[in-house]
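Residue-level structural notes
One-letter residues, chain by chain:
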Amino acid sequence: MALASVRYRFSQRFAVPVEDAFAWSIDYDPGDWKRMGLQGKRKIRTLTYDAVILEDTRPTEKGPVTKTRLIRINHERHSFSNTHVDGPTPHSQFWYEFFPEGDGGSRLDFTGLLLLPSKKKLSDAEVAKIAEAERKGDSQIWKNLAKAMEADLKKSG
């Protein structure tokens, strides 16, 4: 079995201040899948103020898939990492860094570091195609989350 290292990035803007966007993003909830525009179940176990375990189960064509993720939060830097500790892509990491924007809004810079098991060594073109598909999918999730975030924060005042 080979491992393909798939890297991709994107940015997502928010119409809310960085502190609000960051706090909303690390306030995990079983309803998060719906906010992402997907089906799934989430179990949340808070270890400390800066460490959370998420156990996410999603339906797929091959049946349910469960991923266990360790979330490490850096409150001072408005950032967190998401490391897959169990599931189909163990040791994959995803980095989320939030920055203020000049208009009072904020921006997420996302970096995906997917370790994808494969039966054969993938070509550079195959890896690039996978990276683009992952970028598109994760970017769409964050577009959905941005709408949900801005609506939630507008309601709360």
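An account of the accompanying structure is given in this report. (Residues numbered from 1 in each chain as written. Predicted model: local features only at pLDDT ≥ 70, side-chain atom pairs only at ≥ 80, totals over all residues. Heavy atoms only, no water.)

As for the pattern of salt bridges
- Per the counting criterion, the structure on display carries 14 salt bridges.
- The partner of Arg 35 in a salt bridge is Asp 29, and the shortest N-O contact between them spans 3.5 Å.
- Three or more residues joined by partner-sharing salt bridges are found here, namely Asp 29, Asp 32, Arg 35, Arg 42, Asp 56, Arg 69 and Asp 152. (Salt bridge = Lys/Arg side-chain N within 4 Å of Asp/Glu carboxyl O.)

What about the packing of aromatic side chains?
- Evaluated as defined, the whole model comprises 11 aromatic pairs.
- Judged by centre distance (4.3 Å) and plane angle (10°), the ring pair of Phe 80 and Tyr 96 falls under stacked. One end of the pair, Phe 80, is in strand S5 (residues 79–86); the other, Tyr 96, is in strand S6 (residues 93–100), and 16 residues separate them in sequence. This pair shows no difference in class: Phe 80 is buried, exactly as Tyr 96 is.
- Three or more aromatic residues joined by ring pairs make a cluster, and in this case those are Tyr 8, Phe 10, Phe 14, Phe 22, Phe 80, Phe 94, Tyr 96, Phe 98, Phe 110 and Trp 142. (Phe/Tyr/Trp six-rings, centres within 6.5 Å; stacked < 30°, edge-to-face > 60°. Helix = DSSP H or I, 4+ residues; strand = E, 2+ residues; numbered from the N terminus. Buried < 20%, exposed > 50% of the residue type's maximum accessible area, 1.4 Å probe, protein only.)

Some thoughts on the environment of Asp 152
- Summarising the element assignment, Asp 152 is placed in helix H3 (residues 124–156).
- On a C-alpha basis, the gap between Asp 152 and Trp 24 in space is 8.9 Å, while along the polypeptide they are 128 residues apart.
- Residues within four places of Asp 152 in sequence aside, it is in contact with Trp 24 and Arg 35. (Contact = heavy atoms within 4.5 Å.)

A short note on the side chain of Arg 42
- Of note, Arg 42 is situated in strand S2 (residues 41–48).
- For Arg 42, the side chain forms a polar contact with the side chain of Asp 32, separated by 2.7 Å.
- Aside from chain neighbours lying at most four places away, what touches Arg 42 is Tyr 28, Asp 29, Pro 30, Asp 32, Trp 33, Met 36, Leu 54, Glu 55 and Asp 56. (Polar contact = N/O pair within 3.5 Å; in protein donor to acceptor, adjacent residues only side chain to side chain.)

A closer look at the packing of helix H1 (residues 18–25) against H3
- Between H1 and H3, the least distance of the axes is 11 Å, while the angle of their chain directions is 110°. When the axes of H1 and H3 are compared, the pair comes out roughly perpendicular. H1 and H3 meet at a crossing whose hand is right-handed. Residues Asp 20, Ala 21, Trp 24 and Ser 25 of H1 touch H3, and the partners they reach there are Trp 142, Leu 145, Ala 148, Met 149, Asp 152 and Leu 153. (Axes fitted to C-alpha atoms, helices over the stretch in contact; angles between N-to-C directions. Parallel < 35°, antiparallel > 145°, perpendicular 65-115°, else oblique. Left-handed = near helix turned anticlockwise from the far one by under 90°.)

Points about the layout of surface pockets
- Approximately 1,000 Å³ is the volume attributed to the largest pocket.
- If you go around the largest pocket, you meet 42 residues; those closest to its centre are Trp 33, Met 36, Arg 69, Asp 138 and Ile 141.
- Elements supplying a minimum of two residues to the lining of the largest pocket: H1, helix H2 (32–36), strand S3 (51–58), strand S4 (65–74), S5, S6, strand S7 (106–118) and H3.
- At 10 residues, H3 tops the list of elements feeding residues into the lining of the largest pocket.
- Of the residues assigned to the lining of the largest pocket, the class counts are 21 nonpolar, nine polar and 12 charged.
- Each pocket or cavity is described by its volume, and for the second largest pocket that value is around 200 Å³.
- Taken together, Thr 60, Glu 61, Lys 62 and Val 65 form the lining of the second largest pocket.
- For the lining of the second largest pocket, a count of residues per class yields one nonpolar, one polar and two charged. (1 Å grid on protein atoms, 1.4 Å probe; cavity = no way out; pocket = protein on both sides within 12 Å on 5 of 7 lines; lining within 4 Å. Points joined across faces, edges and corners; volume = space filled by probe spheres on them. Nonpolar A, V, L, I, M, F, W, Y, C, P; charged D, E, K, R; others polar.)

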